[in-house]
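# Commentary on secondary and tertiary structure
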Amino acid sequence: MSLYIGLMSGTSVDAIDAALVNFSDDHSPELLHAQATPFPEELRASILTIIQEPSCANLDMLGALDIALGHAYADAVKALLETAEVEASEIVAIGNHGQTVRHQPDSELPFSTQLGDASIIAEHTSIATVADFRSRDLAAGGQGAPLVPAFHQALFDTGESRVVLNIGGIANITVLGQRDEGGEALITGVDTGPGNTLLDAACQHYLEENYDANGDHARQGTVIAPLFKALSSDDYFSRSGPKSTGREHFNLHWLNDHLREHDDIEAVDLLATLSELTAWSIAESIRNKAPDTQRVMVCGGGIHNTDLIQRIQSRLDCLVVSTEQHGLHPDWVEATAFAWLAKRCIDRQPGNLPSVTGAIGPRILGAIYPA
Ligand SMILES: Nc1ncnc2c1ncn2[C@@H]1O[C@H](COP(=O)(O)OP(=O)(O)O)[C@@H](O)[C@H]1O
Ligand SMILES: [Mg+2]
């Protein structure tokens, strides 16, 4: 057994996903156990305050949140070990993505900030912890994101032209099966733009629901064509990449700026328009980056939004399937990826793909906090 734990909590700020993975067979990781621990309400509120009102964040808030998150991640690991009936001493390392509170890869001094103190995790679990995965790629001139494509390649690349689509708060694609002029495998990938984030923001603001379960509200609405046109003209969508984005760009402020010119909108029509925008931006990225794709393999919470998935499928000619059909449940792909990235760091192997992030070369990602 070669056991690692991956921890992921994304821009949706819904839960800490934890995955216990066996990497004895390098080519086919075995997901032994996985569970999601929802954030305690108070912690979730603090995270959202810092993300949504960064100018109100002060050093004391940031310091305290870093520690509180460290404890929450450590608790998630302990809960996973208990369910799985595995001892901490059997785990080689934890890979913790951390909670992104700010991602500014295109600023003059590019950075990406993830909170969740790794010393606290190592101390309270007695397991070596790998954290801070994005900084080294940024230091090498990359976007620091997306980082999951190297894992998608390791797991899902068969040579067929296919796309792995992760619909978290932000959506990202990995394009597999392409070759460069020299005939070498060429993996590309981008953040396509919003995944669930705009849908969630509108749902929370207008309907006081965390998300549009199964897309049932959006399905009842009608797309508002002028609003769709205005939203889809955002410059991010026409940029070619490497590119990555976050909630600092696609958020309620961004939406409200556009809504000012559109009075009296019904919530269901707004959700239908946002679902269409999300589907369009994903499908356009796939058509541009992977015109020959045979198959889109979907993971992330957005797969449960059947309205969104139907809109994506209706804009593409190829198959749209769950990663589950290819051996990994869609809810645990990202957490499994961070277990894999931890192993890459421990094994001194690169974790980024320069063709995806724009970094000047492959780099070993992460910092190790010994047990
Ligand atoms: N049954 C469902 N119907 C619609 N959307 C869902 C459902 N379950 C999860 N989601 C969406 O998935 C999101 C969480 O996805 P996740 O992959 O965890 O994103 P992140 O990586 O940003 O945390 C939720 O905020 C919600 O928008
Ligand atoms: Mg999540």
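Treat the numbers as computed from the prediction; the structure is a model and nothing was measured.

Further remarks concern the pattern of salt bridges. Applying the stated criterion to the full structure yields 10 salt bridges. Between Arg295 and Glu160 there is a salt bridge, with the nearest N and O atoms lying 2.9 Å from each other. Of this pair, Arg295 sits in strand E11 (residues 295-299) while Glu160 sits in the loop between helix H5 (149-156) and strand E8 (162-167), placing them 135 residues apart in sequence. With a relative accessible area of 23%, Glu160 lands in the partly exposed category. As a salt-bridge pair, Arg287 and Glu284 come within 3.4 Å of each other at their nearest N and O atoms. One end of the pair is Arg287 and the other is Glu284, both in helix H11 (residues 267-289) and three residues apart, which spans about a single turn. Residue classification places Glu284 among the partly exposed residues on the basis of a relative accessible area of 26%.

Within the largest apolar cluster, 41 residues are counted, with the highest numbers of intra-cluster contacts made by Leu165, Val296 and Ile312. For this core, the element with the most residues is H11, which contributes nine residues. Setting aside chain neighbours within four positions, we find Val296 in contact with Val163, Leu165, Ile286, Leu316, Cys318, Leu319, Val320 and Val321. In this structure, Ala19, Val21, Ala128 and Leu176 belong to the second largest nonpolar core, which totals 33 residues.

Here helix H8 (residues 225-232) crosses H11 at 40°, and the two axes come no closer than 10 Å. By the angle class used here, H8 and H11 are oblique. For the crossing formed where H8 meets H11, the hand is right-handed. Taken together, the residues of H11 that come into contact with H8 (itself represented by Leu227, Phe228, Leu231 and Ser232) are Leu270, Thr273, Leu274, Glu276, Leu277 and Trp280.

Below, the discussion takes up the pairing of strand E5 (residues 99-104). Here five bridges tie E5 to strand E6 (residues 111-115), and the two strands are oriented antiparallel to one another. Counterpart to Thr100 in the pairing with E6 is Gln114. Where E5 folds back onto E6 in an antiparallel hairpin, the turn is made up of six residues.

As a further point, take helix H2 (residues 59-84). Given 3.6 residues per helical turn, the α-helix brings residues three or four places apart onto the same face. With 26 residues, H2 ought to run about 38 Å at 1.5 Å a step, and its terminal C-alpha atoms sit 38 Å apart, in line with that. Leu65, Leu69, Gly70, Ala72, Tyr73, Ala74, Ala76, Val77, Leu80, Leu81 and Ala84 are the residues of H2 that are buried.

With respect to topology, five strands assemble into an open sheet ordered E10-E9-E8-E11-E12, the strand pairing being mixed. Lying at the two open borders of the sheet, with one neighbouring strand each, are strand E10 (185-194) and strand E12 (319-322). Direction aside, neighbouring strands of the sheet carry axes that sit 20° apart on average. In the sheet, E11 pairs with E12 via four bridges, with the strands oriented parallel. Its bridge partner lying in E12, Val298 is registered against Ser322.

Along helix H10 (residues 252-259), the positions that sit buried rather than exposed are Trp254, Leu255 and Leu259. Seen end-on, H10 carries its buried residues on one side only, within an arc spanning 135°.

The next point concerns the domain arrangement of the protein. Here the protein is described as being made up of domain 1 (3-145 + 332-369) and domain 2 (149-317). For domain 1 versus domain 2, the separation of C-alpha centres amounts to 23 Å. With 29 residues of domain 1 at the contact, the number on the domain 2 side is 29 residues. Roughly 2,200 Å² of surface becomes buried between domain 1 and domain 2 when both sides are summed, with 56% attributable to carbon and sulfur atoms. On the domain 1 side of the interface with domain 2, the three residues burying the most area are Thr11, Val333 and Val356, jointly 25% of the side's total. For the pair domain 1 and domain 2, the interface holds one salt bridge. Put simply, Arg239 and Asp106 hold a salt bridge, and the shortest N to O gap is 3.5 Å. Remark: the boundary between domain 1 and domain 2 carries eight residue pairs in polar contact (both at pLDDT 80 or more). Of all the elements in the fold, those that place two or more residues in the side of domain 1 that touches domain 2 are helix H1 (41-52), E5, helix H13 (333-346) and helix H14 (354-357). For the side of domain 1 that touches domain 2, the element with the most residues is H13, which contributes five residues.

What counts and what doesn't
Residues numbered from 1 in each chain as written. Chains lettered and ligands numbered in written order. Predicted model: local features only at pLDDT ≥ 70, side-chain atom pairs only at ≥ 80, totals over all residues. Heavy atoms only, no water. Salt bridge = Lys/Arg side-chain N within 4 Å of Asp/Glu carboxyl O. Helix = DSSP H or I, 4+ residues; strand = E, 2+ residues; numbered from the N terminus. Buried < 20%, exposed > 50% of the residue type's maximum accessible area, 1.4 Å probe, protein only. Core = buried A, V, L, I, M, F, W, Y, C linked by side-chain atoms within 4.5 Å. Contact = heavy atoms within 4.5 Å. Axes fitted to C-alpha atoms, helices over the stretch in contact; angles between N-to-C directions. Parallel < 35°, antiparallel > 145°, perpendicular 65-115°, else oblique. Left-handed = near helix turned anticlockwise from the far one by under 90°. Pairing = 2+ DSSP bridges. Expected span 1.5 Å × (residues − 1). Arc of directions from axis to C-beta. Domains from an automatic or database assignment. Buried area = accessible area lost by both parts, 1.4 Å probe. Polar contact = N/O pair within 3.5 Å; in protein donor to acceptor, adjacent residues only side chain to side chain.

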